[in-house]
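# Architecture and fold: a report
Chain by chain, the residues run as shown.
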Amino acid sequence: MGGLTTLSGFEYVAPTDLTAAATALRDAGGRACVLAGGTDILVQLREGMRSADLVIDVKKIPELLQLEYAPDSGLCLGAATPCYQIYTTADVVNAYPALVDATRIIGGWQIQSRASVGGNLCNSSPAADSIPPLLVHQAVCHLAGPEGRRSIPVSDFCTAPGKNSLQPGELLATLTLPPQPANAGSAYQRFIPRNEMDIAVASAASWIELDDSRNAIKSARIALGAVAPTPVLAEEASQFLVGKAPTEENFSEAGVLARQVASPIDDMRGTVEFRVHLAGVLTQRTLALAHQRVQDS
Amino acid sequence: MNTPVPGSQYKVIGTRPIRHDGMDKVTGKAKYGADVKFSKMLYGRVLRSPHAHARIVSIDTSEAESHPGVFAVITTSDMPDLVDKMADLGEGVVNMAHLGDNVLAREKVLYKGQAVAAVAASDVHVAAEAIAKIKVEYEPLPAVTWVLDAMREDAPLLHDNVFTDDMGKKSDKPSNVDKEIHFLKGDAEEGFAAADVVVEREFKTATVHQGYIEPHVATADWNEDGNLTVWTSTQGSFACRAQVAEILQIPISKVKVVPCEIGGGFGGKITVYLQPVAALLSKKSGRPVQLTMQRDEVFEGTGPTPGSFMRVKLGATKEGKLTAGEAWIAFDAGAFPGGPIGPACMCVFSCYDFEHAKVDGYNVVLNKPKTQAYRAPGSTHAALACETVLDELAEKLEIDPLELRLKNAATEGTRRVDGPVYPRIGCVEVLQAAQASDHWNSPLEGPNRGRGVALGFWFNCGLKSSASAHVNPDGTVTLTEGSTDIGGSRASIAMQLAETLGITAEEVHPQVVDTDSVGYTDVTGGSRVTFATGLAAYKVGLDIEGQMTSRAAELWDCSPENVRVESGVYSHNGDSLTFAELAEKLHATGEAVVGRATVAPDGATNGFGAHLVDVEVDPDTGKTTILRYTVIQDAGKAIHPSYVEGQMQGGAVQGIGWALNEEYFFDDQGQMKNASFLDYRIPTFLDVPMIDTIIVEVPNPDHPYGVRGVGETPIVPPPAAIAIAIHNAVGVRMTELPMSPPKLWKAISDQS
Ligand SMILES: Cc1cc2nc3c(=O)[nH]c(=O)nc-3n(C[C@H](O)[C@H](O)[C@H](O)COP(=O)(O)OP(=O)(O)OC[C@H]3O[C@@H](n4cnc5c(N)ncnc54)[C@H](O)[C@@H]3O)c2cc1C
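The rules behind each value
- Residues numbered from 1 in each chain as written.
- Chains lettered and ligands numbered in written order.
- Predicted model: local features only at pLDDT ≥ 70, side-chain atom pairs only at ≥ 80, totals over all residues.
- Heavy atoms only, no water.
- Pairing = 2+ DSSP bridges.
- Helix = DSSP H or I, 4+ residues; strand = E, 2+ residues; numbered from the N terminus.
- Contact = heavy atoms within 4.5 Å.
- Buried area = accessible area lost by both parts, 1.4 Å probe.
- Salt bridge = Lys/Arg side-chain N within 4 Å of Asp/Glu carboxyl O.
- Buried < 20%, exposed > 50% of the residue type's maximum accessible area, 1.4 Å probe, protein only.
- Arc of directions from axis to C-beta.
- Near = heavy atom within 4 Å.
- Areas by Shrake-Rupley, 256 points an atom, 1.4 Å probe, with all protein chains shown as cover.
- Nonpolar A, V, L, I, M, F, W, Y, C, P; charged D, E, K, R; others polar.
- Domains from an automatic or database assignment.
- Patch = residues over 30% accessible without salt bridge, like charges linked within 9 Å, V, L, I, M, F, W, Y side chains within 5 Å.
- Lys, Arg positive; Asp, Glu negative; His and termini not counted.
- Charge placed at Lys NZ, Arg CZ, Asp CG, Glu CD.
- Phe/Tyr/Trp six-rings, centres within 6.5 Å; stacked < 30°, edge-to-face > 60°.
- Polar contact = N/O pair within 3.5 Å; in protein donor to acceptor, adjacent residues only side chain to side chain.
- Axes fitted to C-alpha atoms, helices over the stretch in contact; angles between N-to-C directions.

As a further point, take the sheet that holds strand E14 (residues 232–233) of chain A. Strand pairs in the sheet, formed through backbone hydrogen bonds, run parallel or antiparallel to each other. All names here are of chain A. The antiparallel open sheet is built from four strands, whose spatial order is E11-E12-E13-E14. The sheet terminates laterally at strand E11 (184–191) and E14, the two strands that pair on one side only. Pairing of strand E13 (residues 217–225) with E14 involves two bridges; the strand directions are antiparallel. Bridge pairing links Ala-223 to Leu-233 in E14.

Below, the structure is given as structure tokens:
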């Protein structure tokens, strides 16, 4: 109960070096937490959902603030880069529209100027808006620990609500998104009861690549949010589309198939039945929008 | 903006001057409750029940008391014993034990969030730490949170001293039903027999909160001499004073309540919560103590409006004449008796002229926060039921819904089911204005779109108001009033005084003052302030004008009857002085001019409003978008049209919230799951279009300027209008609030 809770005192450090940050994180033995934009962590500390003796601010580490894009190498995104930088960079807007859709709706302007995609991913909410787009764009997570570095696909990152595969002392350094082929497009949508100020009841990201004639789908990827313990890829629905014409009927069929990976919960935000249904609707709608974007490009 | 309206009989009334409190509010200088600061002030926190229903076995505060930085810890044992004390606090007799228990629980907790203990400490963080050290042992009891469940014989009984009051008769066994209401006009059975078409439906509405942006706050300073001062955000400083004095069992004259600027109340800031607690903490610590609520405490620990179950049946002839109406209404009161079941029963058929009608109402205690007034309490629920059924009748009879309403509209002389006979009212004029509106006459095209119209009613009560004013040498007038300003009432009251005196609105300086500085004034509620406190200001004006006339007569050595006063100019036989010129002479020629008035106007006036709404429904998600919205309302006379429009728009937005998304979610343990503005979804400004307004003016014969209160009526029609619009868009009749996306989608998919 917020009425009873309070932000208790903690130490604050802001290292400029990634290894130093990781070492501090490990040495605190679970009593430290990482601060990027702070838009999740400060709320959680304040409401007593988490507690910490040490807060490690990673926004002074240059590597974590990158935003590098080249058509042939793709995007390298620092884990702490704020959302607004993503949607105000024209090349990124063109290449990764689903991710841009997400960063535009994470909170309002104030939140977007602090909140990072890395923080959104590390917070690992099933409803996090940036994760389905990262999944369909096949992002790779580059992690740094006191002992060294490793990389994992984003599909292996989240493990349960609020849980991920970061090991003690490990930080997310960057995310890389592969370059986009020709004739590809993507889109992300969520359903919320109002037009702002809500957590996704269900969400979907779709990515499609058409052949050169643009009459057939060469490959497709669909990911759903808020309908399972972690955001999930809808493999069968994605496979179904390969070789098919990009039509409303096929998108609708893919929506029906995508619903199979939805295993949501009943809560105040929506019923199981409603969420499963929405997963299908949003799949269909994001496929249509992704297709439209290819056509417009 | 504030040049007189051409052709108007008034110079000030009907213009739009900048409100007197506007500058301070937009620049952030206005002093709200939490801006109150004193040296050595302590900050408090309240410990609240984690259970929806439990017996308190023991409370151990020893560790909290010895926590460093803690100055006082209190529980109910620090409060006077209020058992069996009844008191009339201005709105009927209340059982003080219930009021006291709602402030700090005694033997049982009856809802999650009920206050149990409190701490005052050097800062809020220390207070929060100390709160966590209070050990309360509870014996959990079964909880009930749905009104029909709580009415069952085998339901958990909340109070063993609450008996059913059935129109004055008391039940012999304790019951969760604390009140029954039965109204009868004519013979309903005979009426239904005469009907060609009868429609009957059941409705459910969720518990909804007023959602004021400013959480509750109180600061108390209890002096060694026994004088207690409370600074607080309240709708009624005198009501607050009376409750504090009764709960603490101290003489009312020992309590001074200083009302701060208020960030919304809508009925929810009349009952005291923090004020007596802060007072006791102050008494114990010897220091001023401030208590503020967090948002979850506001949701869980203060009073929302009832959840309800209603059944309404209407009959009409082929020609569209209503023959009979029947309503069965059960409201949840929350944890303690009392609530708006009475007004709901009075309002349900209040817009129409029924020869035969029967209304049965039940008020039921259960394990939710004690409900409180919320803008037109009870009428919004009732309108949802009556207007939706009426719309279905119109559909079946193939009669235009506005025509059907006009055919049956209440007029002067119509007797309501609860007895009163209407004086001159504006129900018909409101419907005619709706019919003539651009909105009603613009076609609505496109799939899944629909238009709805609904009518609503609310009273304005009179109660008591006092005001005084003194004339300054520069020709301005300082007005002192006791009505806390939650909706622009400083401006509308000052304008009535200005009109009376023939000076400008800017030449009146209105002040809302504490309970020691003005005569008794009832709460800002019941749409009464512009009406009743405005009437007091008018009478103050007459008093001042009389004194000014005498002073002019003295100057001119004539009899006061021979002084002519017109538009603020005093003249006699070629001599003439403006109000300001005369004011300047007062000091040198005698005593000051001070006017005073206190009023208790009889009876209630009546406000009717019709709302038009266009919606579009996404049938795949169940989401409703409001495309266009028009509020039409009889204001009697709009003193300051902008603030009348603001009330109409604000009420409509709150009603849209009830209609579409707002609701308390309880789990099976009676725990609220969404006690934050993230998941308790009031509309954001992206969710509502510009709300258009049409002010209708059918003057109220009981007010010198014709004022009817306007604050509450506009929340009444929206849920009904939107339910009807949704029906016209996608063909389903929604009978449960809120009509949130999951529910609407389900209804649409069940239909196809
Ligand atoms: C008003 C408001 C609206 C919001 N709206 C949305 C919304 O619409 N959609 C949505 O998805 N979210 C929303 N959020 C949640 C939040 O803003 C996002 O999840 C945001 O992306 C978090 O990023 P951050 O940089 O602020 O993370 P932080 O709060 O700094 O961190 C989040 C979590 O990740 C960890 N972390 C951060 N960086 C790293 C790293 N480099 N390595 C390891 N761990 C790390 C932190 O320790 C913490 O546990 C909202 C929040 C608020 C307050």
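This part takes up the interface of chain B and chain A. With 34 residues of chain B in contact, the opposing surface of chain A contributes 26 residues. Interface area, chain B with chain A, both sides summed: about 2,700 Å², of which 59% is carbon and sulfur. Broken down residue by residue, the surface that chain B buries against chain A is led by Lys623(B), Arg681(B) and Trp745(B), which jointly contribute 21%. Inspection of the chain B/chain A interface yields five salt bridges.

On to helix H10 (residues 248–258) of chain A, then. It helps to recall that an α-helix has 3.6 residues per turn; residues three or four apart then point in one direction. Residues and elements named next belong to chain A. Along H10, the positions that sit buried rather than exposed are Asn-250, Phe-251, Ala-254, Gly-255, Leu-257 and Ala-258. Along H10, the residues classed as buried sweep out an arc of 165° about the axis, all on the same side. Buried residues belonging to H10 abut strand E12 (202–210), E13, helix H9 (235–241) and helix H11 (272–296).

As a further point, take the side chain of Thr480(B). Here Thr480(B) shows up in strand E22 (residues 477–481). Contact partners of Thr480(B), with chain neighbours within four places excluded, come to Ala467(B), Ser468(B), Gln511(B), Val513(B), Ser517(B) and Val518(B).

Another point: the site of the ligand. Residue and element names in this part refer to chain A. Close to the ligand lie 27 residues, the nearest being Val-34, Thr-39, Asp-40, Ser-116 and Asp-129. Protein contacts shield 85% of the accessible area of the ligand, which totals 980 Å² for the unbound molecule. Looking at the shell around the ligand, its residues break down into 15 nonpolar, eight polar and four charged. When residues of the shell around the ligand are sorted by domain, at least three fall in each of domain 1 (10–57) and domain 2 (63–177).

This next bit is on the pattern of salt bridges. Residue and element names in this part refer to chain B. Summed over the entire model, instances satisfying the criterion amount to 52 salt bridges over all chains. Linking Asp-360 and Lys-358 is a salt bridge whose minimum nitrogen-to-oxygen distance equals 3.0 Å. Classification of Asp-360 as buried rests on a relative accessible area of 9%. Overall, the relative accessible area of 31% leaves Lys-358 in the partly exposed class. Connected through salt bridges with shared partners, the residues Arg-19, Asp-21, Lys-25, Glu-261, Asp-485 and Arg-490 form a single ionic network.

What follows covers a negative patch on the surface. Residue and element names in this part refer to chain B. A contiguous patch of negative charge on the surface is contributed by Asp-187, Glu-189, Glu-190 and Glu-355. Tracing the sequence through the fold places Asp-187 in the loop between strand E11 (177–185) and helix H6 (188–193). With relative accessibility at 36%, the residue Asp-187 sits in the partly exposed group.

All names here are of chain A. For the structure on display, the rule yields 21 aromatic pairs over all chains. Aromatic pair Phe-191 and Phe-274: ring centres 5.8 Å apart, planes at 90°, arrangement edge-to-face. Residue Phe-191 is located in strand E11, and its partner Phe-274 is located in helix H11; the two are separated by 83 residues in the primary sequence. For the residue pair Phe-191 and Phe-274, the accessibility class agrees, reading buried in each case.

This paragraph deals with the domain arrangement of chain A. The figure often quoted for interface size is the accessible area lost as the parts come together. Residue and element names in this part refer to chain A. What the domain assignment lists for chain A is domain 1 (10–57), domain 2 (63–177) and domain 3 (184–296). Relative to domain 3, the C-alpha centre of domain 2 lies at a distance of 20 Å. Across the contact, 24 residues belong to domain 2 and 24 residues belong to domain 3. When domain 2 packs against domain 3, close to 1,800 Å² is buried across both sides, 63% of that on carbon and sulfur atoms. Taken together, domain 2 and domain 3 are joined by two salt bridges. As a salt-bridge pair, Asp-101 and Arg-293 come within 2.9 Å of each other at their nearest N and O atoms. Taken together, the connections running from domain 2 to domain 3 amount to 10 residue pairs in polar contact (both at pLDDT 80 or more). Of all the elements in the fold, those that place two or more residues in the side of domain 2 that touches domain 3 are helix H5 (97–105), helix H8 (131–136) and strand E8 (158–160).

To continue, consider the sheet that holds strand E12 (residues 197–205) of chain B. Residues and elements named next belong to chain B. With respect to topology, seven strands assemble into an open sheet ordered E10-E9-E11-E19-E18-E17-E12, the strand pairing being mixed. Of all strands in the sheet, those with a lone pairing partner are strand E10 (169–174) and E12, marking the two edges. The mean angle between the axes of side-by-side strands here comes to 10°, regardless of whether they run parallel or antiparallel. Pairing geometry for E12 and strand E17 (residues 308–316), over nine bridges, is antiparallel. Across the sheet, Arg-201 pairs through a bridge with Val-312, a residue of E17.

Right, let's get into the domain arrangement of chain B. Residues and elements named next belong to chain B. According to the domain assignment, chain B consists of domain 1 (22–30 + 462–582), domain 2 (39–142 + 210–301) and domain 3 (423–460 + 604–752). Its C-alpha centre places domain 1 at a distance of 37 Å from the equivalent point of domain 2. At the junction of the two partners, domain 1 supplies 18 residues and domain 2 supplies 16 residues. Buried surface at the junction of domain 1 and domain 2, both sides included, amounts to about 1,500 Å², of which 60% is carbon and sulfur. On inspection of domain 1 and its partner domain 2, the count reaches two salt bridges. Between Lys-25 and Glu-261 there is a salt bridge, with its nearest N and O atoms 3.1 Å apart. Summed over the shared surface of domain 1 and domain 2, the result is six residue pairs in polar contact (both at pLDDT 80 or more). Taken together, the residues of the side of domain 1 that touches domain 2 break down into seven nonpolar, six polar and five charged.

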